Amino acid sequence: PHAVSAAAGVDAMAHAVESYVTKRRNDVSQLYAREAWRRVERSLEGHLADPAKLGAAGDLLLGAHFGGAAIEASMLGAAHSLANPLTARFGVVHGAAVGAMLPHVVRFNGDDAEIRSLYAELAKAAELDPAAESGAADRGNDHVSALAARIEALLETARLPRRLAEHGVEDGHLADLAEGAAEQWTARFNPRQLVTGDFERLYRAAL
């Protein structure tokens, strides 16, 4: 079903993007993560448009597998930490919760020069053109913006909400959500350290 494939596919995409840059990243995890991203990014739209297309389905499944292998080698990051309280408090399907937060985490992490270069590798692997991506201008038309914009475009294709308000989240909920996100174990592997206020700002960016 579309809803299941969409949420699972977006989650697989997040596994690839997050595991590529974690503090525990290594050559093996990055090999798996890069290949996971390449396959999921190119096949998700095609699979959702025509689930009977075996080539796209196979690419998506293999990409999801590689993403899982990357996680085992390097763990995850802040997008998953932010997602779990959304699922626990508002019943947001996991893939939809991760997807809504991932572009904002990419922009947050992209303020670090080393991580920015790693995101550029993913953008180039998907042949993204920074100047052509909508929404890239506010970040200087760089590869971080292109990567975040591509993730947002895939969320649109998957028909998953990009705004937390669509899940019933309001400004008054953000402080409690941020406290919950700060307690999640994946946060410690995010390449940029976060405090509770950072989590709240990320939620607000997605509101």
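What you see is a predicted model; the values in this text were computed from it and never measured.

Conventions used here
Residues numbered from 1 in each chain as written. Predicted model: local features only at pLDDT ≥ 70, side-chain atom pairs only at ≥ 80, totals over all residues. Heavy atoms only, no water. pLDDT = per-residue confidence, 0-100. Contact = heavy atoms within 4.5 Å. Core = buried A, V, L, I, M, F, W, Y, C linked by side-chain atoms within 4.5 Å. Buried < 20%, exposed > 50% of the residue type's maximum accessible area, 1.4 Å probe, protein only. Helix = DSSP H or I, 4+ residues; strand = E, 2+ residues; numbered from the N terminus. Axes fitted to C-alpha atoms, helices over the stretch in contact; angles between N-to-C directions. Parallel < 35°, antiparallel > 145°, perpendicular 65-115°, else oblique. Left-handed = near helix turned anticlockwise from the far one by under 90°. Salt bridge = Lys/Arg side-chain N within 4 Å of Asp/Glu carboxyl O. Phe/Tyr/Trp six-rings, centres within 6.5 Å; stacked < 30°, edge-to-face > 60°. Lys NZ or Arg CZ within 6 Å of the ring centre and 35° of its normal.

Chemist: For this particular structure, what's the right way to read the confidence of the model for the chain?
Modeler: Here the chain averages 94 in pLDDT, while 95% of its residues score no lower than 70. The model gives residues 134–141 a pLDDT under 50, and that stretch makes eight contacts with residues more than four places away or in other chains.

Chemist: Looking at this structure, I do not really get the nonpolar core. What am I missing?
Modeler: Soluble globular proteins tend to pack their nonpolar side chains together in the buried interior. If you look at the biggest cluster of nonpolar residues, it comprises 61 residues, and the most contacted ones within it are Val17, Leu86, Val106, Tyr119 and Tyr203. Ranked by the residues each element gives to this core, the list is headed by helix α5 (residues 94–109), at nine residues. The residues touching Val17, leaving out its near neighbours within four places in the chain, are Trp37, Leu102, Val106, Tyr119, Leu122 and Ile151.

Chemist: Could you clarify how one ought to interpret the packing of helix α2 (residues 27–49) against helix α3 (residues 54–74) in this entry?
Modeler: Geometry of a packed helix pair, given as the angle between the helix axes and the separation of the axes. Following both chains from N to C, one finds α2 and α3 inclined at 150°, their axes separated by 7 Å at the closest point. Judged on the interaxial angle alone, α3 and α2 are roughly antiparallel. Between α2 and α3 lies a crossing whose hand is left-handed.

Chemist: Sorry, what's going on with unusual backbone geometry here?
Modeler: Most peptide bonds take the trans form, and the phi angle of most residues other than glycine is negative. Phi at Met75 is positive, roughly 70°, even though this residue is not glycine. The topology assignment puts Met75 in the loop between α3 and α4 (78–90). Non-glycine residue Arg159 carries a positive phi angle of around 60°. You can see Arg159 is positioned in the loop between α7 (143–158) and α8 (174–182). Given a relative accessible area of 62%, Arg159 falls into the exposed group.

Chemist: Whenever I open this one, the pattern of salt bridges confuses me. Can you help?
Modeler: Oppositely charged side chains may form a pair once their charged atoms are brought near each other. For the coordinates displayed, the defined rule picks out 15 salt bridges. Put simply, Glu41 and Arg150 hold a salt bridge, and the shortest N to O gap is 2.7 Å. Placement of the pair is Glu41 in helix α2 and Arg150 in helix α7, with a sequence separation of 109 residues. Comparing Glu41 with Arg150, the two get one shared label, buried. Among the ionic pairs, Arg150 bridges to Glu45, the shortest N-O distance being 3.0 Å. Within this pair, whereas Arg150 is found in helix α7, its partner Glu45 is found in helix α2, the two being separated by 105 residues in sequence. Judged by its relative accessible area of 12%, Arg150 falls in the buried class. Within the structure, one salt-bridge network assembled from shared partners comprises Glu35, Arg38, Arg39, Arg42 and Asp59.

Chemist: Where do I start with the packing of aromatic side chains in this structure?
Modeler: Think of a pair of aromatic rings as described by two things: how far the centres are apart, and how the planes are tilted against each other in angle. For the structure on display, the rule yields two aromatic pairs. Ring geometry for Trp185 against Phe189: centres 5.9 Å apart, planes inclined by 80°, an arrangement best described as edge-to-face. Taking the relative accessible area as the measure of exposure, Trp185 reaches 42% and is therefore partly exposed. The positively charged end of Arg192 is found above the aromatic ring belonging to Phe108, 4.0 Å away from the centroid.

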